[in-house]
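These are the residues of each chain, in order.
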Amino acid sequence: MTASFGPLASRRLFIKGAGLVALIGLGNAVLHAPPVLAASNDNKYPDDAFRQKNATDAVKALYGRDHEASDKIKLDAPEIAENGGVVPIAVTTTLPNVTSIAFIVAENPNALAASYKIPEGTVPAVANRLKMAKTSNVIALVESGGKLYSATKEVKVTVGGCGG
Amino acid sequence: MIRRRDFLKASGAAVLAAPALLRSARAVDTVSLYDVEKFGNARILHITDTHAQLRPVFFREPSVNLGIGEMWGRPPHLVERAFLDRYGIRPDSAEAYAFTCFEFEKYAGRFGRMGGFAHLKTLIDKLRTDAGDHRSLLLDGGDLWQGTGLANAMRGADMVSAANLLGIDAMTGHWEFTYGEEALRANLARFKGEFLAQNVFLTEEAAFNDAKALDPGSGRVFKPAMIREIGGARIAVIGQAFPYVPIAHPRRFTPDWTFGIREEELQKLVDALRGADKVDAVILLSHNGMDVDLKLASRVTGIDVILGGHTHDAIPQPVAVTNAKGATLVTNAGSNGKFLAVLDLDVGKGRVADARYRLLPVYSELLKPDAAMQALIDQTQQPQVAAWSEKLATSDRLLYRRGNFEGPTDDVICAALLSQLDAQIALSPGFRWGPTLLAGQSIMLEDVLAQTAISYPETYVQRMTGADIKAVLEDVCDNLFNADPYLQQGGDMVRLEGLSYRCAPSEPIGRRISDLTLDNGRSLEAGKTYKVAGWASMNAQDGKPVWDIVAAHLRSVGLTSAGTSTVTLSGVDGNPGFASQS
């Protein structure tokens, strides 16, 4: 990422770009200086959740409750990753009173990829890059009004080649 | 070796330049073929996946094209007799020769080569003249610029000249992207038609660095659609490029661009065209592949017709797919210039009242080559003729490539890799392009290039573990047979020599490939390493181009006996996409 700006680079682009750099690699749980805040009810960094191997344990450690699928969550992710090292995903939701958003990559060595606390009055929209070793369900978790909702999409990671 | 063609015997010297002769000819089934009944007010002509075959070619359709799960026995997954039965085509007819592999060698001698741009030009001009001024469009679905040594050496520039003379109004792309952005843009600067691709966007990094885009707001790299007034109707054509370019090909060719099917963006585009732009018909010019298009048609609303390509399926009738707001016709128009699709639309205010579709086989023996196009082809090919006419061998068998698992052409490539690079196992990509050679034909360097000419032809030799090899086979097989069409990339299975295996296409990834056995009868061991040769790697390689390897092999030993490696299929008994003769 260069530090120079063309005439078209807006402030929005800048912020987005900077955020993306900071978050790359989270899927691999390399977290020396956590750029994200804890999503659970307290503000401590959720290191226990990030250490969990599978999706169920990670959700349990982060939220302590089950999630239910919601059609009010829109999860944008590619069908097939163009580069498993940086898979762009984005989530937006029309659910009210969102307090946190988190991403799970079920098949990663550590399932929890990122967790965001959404302060009151913030638009609940997050874009992120995920590192994915192999084909996996990506789960977006949205905490809304004290309940936990989710949207799931499978993203395929392939060695590629052999296009007709 | 060349016998008189049967239909010529029957019809006399039937050429389109003399329509009276055509009408009076006796071979009604072939001659009336090009006198398409007038219908509607807008004629859309569609070619796709010509793979730069400027001259007529033989091209054998597959004997194995399996449909798995929901696609079992459904078009396009029908071959040979199942295909003929489904579409009511007589087995001994010219149509059977064009659309299927049925007794291919016998009928190739009778009906001759197919396609060729000079022949296509004659046919296209006739059909456009028949339609009348401003009542037709000519669309190309992509894979126009790749497939011959010449196209590869000129980075597609030869095909831009041919496309301009042919009168292509709009195209989309796939292999076009593998020449890289600079060559692509240089070609498009010369192209007189529109290059349409609604599903190609700048990556966020490229957008941030101000890479060239159509407009910074959308992030689209190319014009997504065009609107033309045809026969008094406003017709929108949307381009859909191959969605998986940076996955099926090395990413280094398109570092700034991101692709995908982009359903949501497509729906918005269709809605805007129908809403604000008030178009009367919407056509999607697609390089998705037919299975992907069938799924897309069930989910995206407001498209009248998807004119499809990529999977090289020659399907005589459109498949009508219903969705939440109506129905969409889905077509696929074959490959190598063998077919010209004619879509006649009766377009009223805001809607298509009725449609007729014909997929016309382009029999080169029935069409007089257009003089201007022939001159252009001769002139363009001239500098290479001497070098590429070197005769390397004579074919002692039918050499074709198309098929889900194997083809004799790929056996030759794999044999060359094994012997020239001294490897245990050879891998060769399951491309669907590359013309067919008949037994007795000379194999020229040009013919080898027509099977191998890509922008990443370098060969490699590397050590791979048995586990790695199995993982590669599973991965490629999943790209072919995944239950979700959106996860299929449209190529065929990687070709193997030195290793036999069993494949169960209906199983999920990880469970399809088994019984991996080396030519010496030993089982492939997961932890052991093997010397593997291949080409068309996703990673940059520095080995000789594969055409040099194959040419050297043919010069020194000629065609060797057929390979010993086999693929045994499980769970496909009775599948109409399988003909036992393959």
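All of the points below concern the structure found in this document. (Residues numbered from 1 in each chain as written. Chains lettered and ligands numbered in written order. Predicted model: local features only at pLDDT ≥ 70, side-chain atom pairs only at ≥ 80, totals over all residues. Heavy atoms only, no water.)

## Topic: the overall build of chain B
Phase 1 of the analysis: Within chain B, the regular secondary structure consists of 19 helices and 23 strands.
Phase 2 of the analysis: Considered along the principal axes of its C-alpha atoms, chain B spans approximately 70 × 60 × 50 Å.
Phase 3 of the analysis: Residue burial in chain B is summarised as follows: out of 582 residues, 63% are buried.
Phase 4 of the analysis: Taking the contacts inside chain B whose residues are at least 6 apart along the sequence as the reference set, 76% of them involve residues at least 24 apart.
Phase 5 of the analysis: Of the roughly 20,500 Å² of accessible surface on chain B, 50% is carried by carbon and sulfur atoms.
Phase 6 of the analysis: Taking the 61 positively charged and 69 negatively charged side chains of chain B as two groups, their mean positions are separated by 4 Å. (Helix = DSSP H or I, 4+ residues; strand = E, 2+ residues; numbered from the N terminus. Buried < 20%, exposed > 50% of the residue type's maximum accessible area, 1.4 Å probe, protein only. Contact = heavy atoms within 4.5 Å. Areas by Shrake-Rupley, 256 points an atom, 1.4 Å probe, with all protein chains shown as cover. Lys, Arg positive; Asp, Glu negative; His and termini not counted. Charge placed at Lys NZ, Arg CZ, Asp CG, Glu CD.)

## Here's the deal with unusual backbone geometry
Residues and elements named next belong to chain B.
Phase 1 of the analysis: For the peptide bond that leads from Pro75 to Pro76, omega is 10°, which places it in the cis range.
Phase 2 of the analysis: With a phi close to 60°, Asp210 is a non-glycine residue in the positive phi region.
Phase 3 of the analysis: Checked against the element boundaries, Asp210 lands in the loop between α11 (204-208) and β6 (225-230).

## So, the sheet that holds strand β4 (residues 98-105) of chain A
All names here are of chain A.
Phase 1 of the analysis: The mixed open sheet is built from 5 strands, whose spatial order is β1-β8-β7-β4-β5. Unpaired on one side and paired on the other, β1 (68-69) and β5 (112-117) mark the two borders of the sheet.
Phase 2 of the analysis: As paired strands, strand β7 (residues 136-144) and strand β8 (residues 147-155) are joined by 9 bridges and run antiparallel to one another. The residue of β8 that forms the bridge with Val138 is Lys153. (Pairing = 2+ DSSP bridges.)

## A few points about the sheet that holds strand β21 (residues 513-518) of chain B
Residues and elements named next belong to chain B.
Phase 1 of the analysis: Strand order in this open sheet of 3 strands is β21-β20-β23, and the pairing throughout is mixed. The open sheet has two edge strands, β21 and β23 (567-569), and neither has a second partner. Direction aside, neighbouring strands of the sheet carry axes that sit 15° apart on average.
Phase 2 of the analysis: Pairing between strand β20 (residues 499-503) and β21: 4 bridges, direction antiparallel. Bridge pairing links Cys503 to Ile513 in β21. (Axes fitted to C-alpha atoms, helices over the stretch in contact; angles between N-to-C directions.)

## Here we look at the nonpolar core
Residues and elements named next belong to chain B.
Phase 1 of the analysis: Judged by nonpolar contacts, the single largest core of 162 residues is most densely connected at Phe117, Leu139, Phe177 and Phe222.
Phase 2 of the analysis: When residues of this core are sorted by domain, at least three fall in each of domain 2 (42-57 + 113-376) and domain 3 (389-569).
Phase 3 of the analysis: Other than its neighbours up to four places away in sequence, Phe177 contacts Leu184, Phe195, Val200, Phe222, Ala241, Val245, Phe253, Thr254, Trp257 and Phe259. (Core = buried A, V, L, I, M, F, W, Y, C linked by side-chain atoms within 4.5 Å. Domains from an automatic or database assignment.)

## Brief notes about helix α14 (residues 290-299) of chain B
One turn of the α-helix equals 3.6 residues, which is why residues spaced by three or four share an orientation.
Residue and element names in this part refer to chain B.
Phase 1 of the analysis: Judged by how many residues are buried, α14 sits mostly within the fold: 7 of 10 residues are covered.
Phase 2 of the analysis: Listed as buried for α14 are Met290, Asp291, Val292, Asp293, Leu294, Leu296 and Ala297.
Phase 3 of the analysis: Residues of α14 that are buried make contact with α13 (263-274), β9 (281-286), β10 (305-308), β11 (319-323) and β12 (326-332).

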